[in-house]
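Chain by chain, the residues run as shown.
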Amino acid sequence: MSLLRPAASRLSDTVAAELEKRILEGSLKPGDRLPPERALALDLGVSRPSLREAIQKLVSKGLLSTRHGGGTHVTDRLEAHFVDPWQDMLKGHPLLHRDLLEFRQMLERQAAALAAERATDVDIGRLDAVHSALEASYRSDDLALCIDADVVFHQAIAEASHNVLIGHLTASLMRVIHGHIAGNLEHLHARPERWNQLQSQHRAIWQAIREHRPQEAASAARDHIEFVRQSIENNSREEERRQSALRRAG
């Protein structure tokens, strides 16, 4: 693409705004390395000095970081300030888990509904691909693969909503609750009937979005998170009973 020089601003400001937009929309994600300077300058249609100046502006904002000999990377600044304190709070306040699931249900219902309304052909193609990967992970015995595929699936829906706050909040939320996702999937994986229910729920969300049915997508997302909530509660009760039995046996 070629960036036109606006009359009222420096070219480097325009380049910085373009890169910032790519970070906001998720085209550039935390940890991503920017393309080589020559290639990126060519892509943006600007000189390398203008590109360097734009990168320094975003480094000063904390959105990019540069390493000597290691290139320029996107930071996690948009997520870290949300993630770090909440991870610590969840460890000390178990009741927050319920509130977190309520928030997740609200967020994912809206994300699914908006994705069903707004998803482009490109978005649907990506959703098809990540859902196919999710289904393949279910058929494997690799639980870590299932966890990663689950997170990628929900993030793809958030990004298909074309709401940058939903995209970044979902990414942050998934980092906060990663441990809960892992524990819950491990619990469900040991119960084939419940594991099959989980697959059906993800399939229902995917189908409603790709067929552009917002209300059904929202309902399917709501039902999925309610299922997750009940599963976590059941898992907690079973663990309490197990610990109680161990104490009596001791």
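Residues numbered from 1 in each chain as written. Predicted model: local features only at pLDDT ≥ 70, side-chain atom pairs only at ≥ 80, totals over all residues. Heavy atoms only, no water.

### Section: the packing of aromatic side chains
How two aromatic rings sit relative to each other is set out by the distance from centre to centre and by the angle between their planes.
Here comes step 1: This model, assessed by the stated rule, comprises one aromatic pair.
Here comes step 2: With a centroid separation of 5.4 Å and an interplanar angle of 85°, the aromatic rings of Y138 and W195 are classed as edge-to-face. Taken together, the residues span a long stretch of sequence, with Y138 in helix α6 (residues 121–138) and W195 in helix α10 (residues 192–210) at a distance of 57 residues. Across the pair, exposure class does not vary: Y138 and W195 are buried alike. (Phe/Tyr/Trp six-rings, centres within 6.5 Å; stacked < 30°, edge-to-face > 60°. Helix = DSSP H or I, 4+ residues; strand = E, 2+ residues; numbered from the N terminus. Buried < 20%, exposed > 50% of the residue type's maximum accessible area, 1.4 Å probe, protein only.)

### A look at the packing of helix α7 (residues 143–160) against helix α8 (residues 164–176)
Here comes step 1: Direction vectors running N to C along α7 and α8 enclose 160°, while the axes themselves pass 8 Å from each other. On the basis of the axis angle, α7 is roughly antiparallel to α8. With respect to the hand of their crossing, α7 and α8 are arranged in right-handed fashion. Two secondary-structure elements touch here, α7 through V151, H154, Q155 and A158 and α8 through I166, G167, T170, A171 and M174. (Axes fitted to C-alpha atoms, helices over the stretch in contact; angles between N-to-C directions. Parallel < 35°, antiparallel > 145°, perpendicular 65-115°, else oblique. Left-handed = near helix turned anticlockwise from the far one by under 90°. Contact = heavy atoms within 4.5 Å.)

### Looking at helix α3 (residues 48–61)
Here comes step 1: The end-to-end C-alpha distance of α3 is 20 Å, a good match for the 20 Å that 14 residues give at a rise of 1.5 Å each.
Here comes step 2: The inward-facing, buried residues of α3 contact α1 (11–25), α2 (37–44), β1 (64–67) and β2 (71–74).
Here comes step 3: Looking one or two residues beyond α3, the residue adopting positive phi is G62, at roughly 85°. (Expected span 1.5 Å × (residues − 1).)

### Looking at empty space enclosed by the protein
Empty pockets left among the atoms are what a rolling probe the size of a water molecule brings to light.
Here comes step 1: Under the counting rule described, the total for this entry stands at three cavities of 30 Å³ or more.
Here comes step 2: Together, 17 residues line the largest cavity, and R104, I181, N184, V228 and I232 are the ones closest to its centre.
Here comes step 3: Every element with two or more residues in the lining of the largest cavity is listed here: α5 (96–118), α7, α9 (178–189), α10 and α11 (214–249).
Here comes step 4: Here the lining of the largest cavity gets five residues from one element, more than from any other, and that element is α9.
Here comes step 5: Tallied by class, residues from the lining of the largest cavity come to nine nonpolar, six polar and two charged. (1 Å grid on protein atoms, 1.4 Å probe; cavity = no way out; pocket = protein on both sides within 12 Å on 5 of 7 lines; lining within 4 Å. Points joined across faces, edges and corners; volume = space filled by probe spheres on them. Nonpolar A, V, L, I, M, F, W, Y, C, P; charged D, E, K, R; others polar.)

### Some details on α11
Here comes step 1: In this model, α11 (36 residues) spans 52 Å end to end at C-alpha, consistent with the 52 Å of a helix rising 1.5 Å per residue.
Here comes step 2: Turning to α11, its buried residues are A217, A218, A220, A221, H224, I225, F227, V228 and S231.
Here comes step 3: Taken together, the buried residues of α11 touch α5, α7, α9 and α10.

### Structural notes on the confidence of the model for the chain
Here comes step 1: The share of residues in the chain with pLDDT of 70 or more is 92%, and the mean pLDDT across the chain is 87.
Here comes step 2: Element-level pLDDT for the chain is lowest in helix α4 (residues 77–92), with a mean of 69, against a maximum mean of 96 in α6. (pLDDT = per-residue confidence, 0-100.)

### Overview of the pattern of salt bridges
Here comes step 1: The full count for this structure, using the stated rule, is 19 salt bridges.
Here comes step 2: In this structure, the salt-bridge partner of E159 is R126, at a minimum N-O distance of 2.6 Å. In this pair, E159 sits in helix α7 while R126 sits in helix α6, placing the two residues 33 residues apart along the sequence.
Here comes step 3: For E159, a relative accessible area of 19% corresponds to the buried category.
Here comes step 4: With a relative accessible area of 32%, R126 lands in the partly exposed category. (Salt bridge = Lys/Arg side-chain N within 4 Å of Asp/Glu carboxyl O.)

### Remarks on the nonpolar core
Here comes step 1: Within the largest apolar cluster, 42 residues are counted, with the highest numbers of intra-cluster contacts made by L127, I157, I177, I181, W195, L198 and I209.
Here comes step 2: Among the elements of the structure, α5, α6, α7, α8, α9, α10 and α11 are those that each provide at least two residues to this core.
Here comes step 3: The element that contributes the greatest number of residues to this core is α7, accounting for nine residues.
Here comes step 4: When neighbours within four sequence positions are excluded, L198 is seen to be in contact with Y138, L185, L188, H224 and F227. (Core = buried A, V, L, I, M, F, W, Y, C linked by side-chain atoms within 4.5 Å.)

### Considerations on the side chain of S137
Here comes step 1: Looking at where S137 falls in the secondary structure, it is placed in helix α6.
Here comes step 2: The contacts of S137, once residues within four sequence positions are left out, are L145, C146 and A149.

### Topic: a nonpolar patch on the surface
Here comes step 1: Residues L24, L78, V164 and L165 make up a contiguous nonpolar surface patch of about 350 Å² in total accessible area.
Here comes step 2: Here L78 lies in helix α4. (Patch = residues over 30% accessible without salt bridge, like charges linked within 9 Å, V, L, I, M, F, W, Y side chains within 5 Å. Areas by Shrake-Rupley, 256 points an atom, 1.4 Å probe, with all protein chains shown as cover.)

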